[in-house]
Each structure stands twice: as C-alpha cells, then as structure tokens.
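Fold and geometry: a report
Next come the chains, spelled out residue by residue.
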Amino acid sequence: MSSIRVLRSFIEVARCGSFAAASEHVSLTPAAVGLQIQSLENDLGYPLFDRVGKSITLNQRGHRLVPRVQQLLMQYDALRLQEPDPKDLAGSIKVASIATSMSMVVKAVLRIRKQYPRLAVEPGISYSGDLVSRVKEGELDAAVSVKNAHKVPAGVLWTHLYREPLVFIASKQAAARPAIEALLAKRLFLRVSRSSNTGTLIDEFMRRRHLKAGEFLEMNAMRTIVDMVKEDMGVTILPLPRGTDWDRDPDLHVVRFDDPSAHRSIGLFENESRSFLSSVLRQYLLDELARDDAGPP
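Residues numbered from 1 in each chain as written. Predicted model: local features only at pLDDT ≥ 70, side-chain atom pairs only at ≥ 80, totals over all residues. Heavy atoms only, no water.

You'll find the protein entered in an unreviewed UniProt entry as HTH lysR-type domain-containing protein, with Bordetella genomosp. 2 given as the organism. The UniProt entry for the protein carries this comment under Sequence similarities (unreviewed entry): "Belongs to the LysR transcriptional regulatory family." (UniProt positions renumbered as here; feature names shortened; annotations may be inferred.)

Let's talk about helix α2 (residues 19-26)
Taken residue by residue, α2 has Ala22, Ser23 and Val26 as its buried positions. Looking straight down α2, one finds that the buried residues subtend no more than 110° of arc, so they occupy a single side. Where α2 is buried, its residues meet α1 (4-16) and α3 (30-44). Of the residues one or two after α2, Ser27 is the one with positive phi, at around 60°. (Buried < 20%, exposed > 50% of the residue type's maximum accessible area, 1.4 Å probe, protein only. Helix = DSSP H or I, 4+ residues; strand = E, 2+ residues; numbered from the N terminus. Arc of directions from axis to C-beta. Contact = heavy atoms within 4.5 Å.)

Concerning the environment of Ser196
Mapped onto the fold, Ser196 is located in the loop between β7 (189-192) and α9 (197-208). Along the primary structure Ser196 and Asn148 are separated by 48 residues, whereas in three dimensions their C-alpha atoms are 9.7 Å apart. Apart from residues no more than four positions distant in its own chain, Ser196 is found in contact with Ser128 and Gly129. In this structure the side chain of Ser196 is engaged in a polar contact, spanning 3.0 Å, whose partner is the backbone nitrogen of Gly199. (Polar contact = N/O pair within 3.5 Å; in protein donor to acceptor, adjacent residues only side chain to side chain.)

Quick word on the nonpolar core
Counting 35 residues, the largest nonpolar core has Ile112, Leu119, Val144, Leu161, Leu281 and Leu285 as its most contacted members. Mapped onto this core, the elements with two or more residues apiece are β3 (91-97), α5 (102-115), β4 (119-125), α6 (131-137), β5 (142-146), β6 (156-171), β11 (263-271) and α11 (275-294). No other element matches α11, which puts six residues into this core. Setting aside its immediate chain neighbours within four residues, Ile112 contacts Leu119, Val121, Val280, Leu281 and Tyr284. Ranked by size, the runner-up nonpolar core spans 31 residues in total, among them Phe189, Val226, Val229 and Leu240. (Core = buried A, V, L, I, M, F, W, Y, C linked by side-chain atoms within 4.5 Å.)

Printed below as a string of structure tokens:
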C-alpha cells in the first residue's frame, strides 16, 4: 500500500511535469521521486505516465487518478490539521526567522496569540546558517529559513512556503554602463556572507553561469547592501524578498535572470517531536501567505 508521502509526490509530479521539479517540493532527490512513482504504479498494477526519454506525461489513467488522490490528501490533511480547542492547547513554541520573513512570522504570531491564549509563541530573528541544526538539536521548535542543497535531516519536517528569485541589482547610474558580466568585473561586488545559506546559493549560481566578480565586500544585511548599491558604491546579486519594492525603486536597476534555477526556497523547518504545537504555526503561516496572495478584500 502506497503511503501518503508517495501520493503527495504523485500530485507534485503531475503538477510540475518532471521528477526534478517535483523533488524540490517534497524534499527528496529526483531519483527518489522516480522510485516512489514506480512503487505507486506497481501497487496499482498500471502505469500513470507515458515516458519518452527523460520526458514524462500523465496518461489517461493518471489524469483520472489525480482528482481522487487530491480528495484523499484533503481528507487526510483535514484529520491531521483538525483545529484543536483553543482552551486545550497550551505550551510554548520557540521559533526563529531570517530577517526578510520576520514580518510574515510576526503577523502569524499575533493571530495565534488571539486564538490560543495558552500557547506562547516566542519569535526571534537570526541568520540562516545554523537554523536547521538548531531545530534538529531542539534548541528551536521551528525556524523559517532558506533551504539549502542538502537533504532535510532526520527528525526535521520541512514545509515549502514561497520562492524568491535571484536578481542582479545596480544603481540607475551604473545601468547605463556595460552588461552584467562587465559590471561584476569592474565594480565592487557587494556579496552576502558566504557562511549563510543564501551566500552559498548565490556562489553556486554564479559558478553555473560563469559569472566572475572582481573586488568584493562581504556582509550579512541585505538591506545594507541594497542601500550601498543605491549610492552607486557597487553592484550585487541577491534574492528579491517577498514584499519588498526594490524592483520598483527609481534609484535601482533590477534584472531578473532567465534561469529557472535562479531562486531561493523559503520554508518552515520543524522539530518533529514538537510538531504537535508547531503545526499551528505552520497553518497560520500558510494562511498568511494565502491572505497576501489574495490581496485586499
């Protein structure tokens, strides 16, 4: 009998159209997702996808199965996320967040405090570098942070929240000068600390794109980097944080990369042993994102 996790992988493959794209949403390697789909097809006794080379496409039986699996997952989630009685739920949740996600976390925390008077949520701000290990070790119950290329460690739950595209940023004055490659070579490159997950991600992206920087200055605060770029002190490559207006700032020249890999994934890491409480935070964060995406009423 296939597990709920296998069924979730099936829905992601059906939605994304590839094992590689689906793997980013289920915290598995593309090969592991492929094995899950093969296991599901073996359990059912028939193929769900047509395979031509590396391309996969839902076949007729796969299309018929999608709504039934979606309904099953909705019923399961309804059981798992059944709203507890606010009077009964008590305890404390210690959560940390990267700076760019802190506003979303605080909004969720304020709503939780109103709904669950006996549940104390303690938010804090931190850099992404060690947040996952702190969750694993139990120092934190949960953390909103950047997902790196490593597999999520055992005992830690991961929920994808949203993506932020990587962008090249220069001042308006610099925008009239040569292309990105030339600006990176000639101007001071203001880079995010390479000890952070974001810094590592940007370095790997630049290597893949063969983008080379000359002189550089390394720091942690992205807001400070952008302020320095506005003063034409250098150029940078950063994720475009949700809710910022950098791409609408008249003093900045923001260029998005034509590359599907040019992004960072932000999500919630939870200590599995404490998820009976942190799942409340998870639901409120997802609700907060849905409210933001829906816009004003």
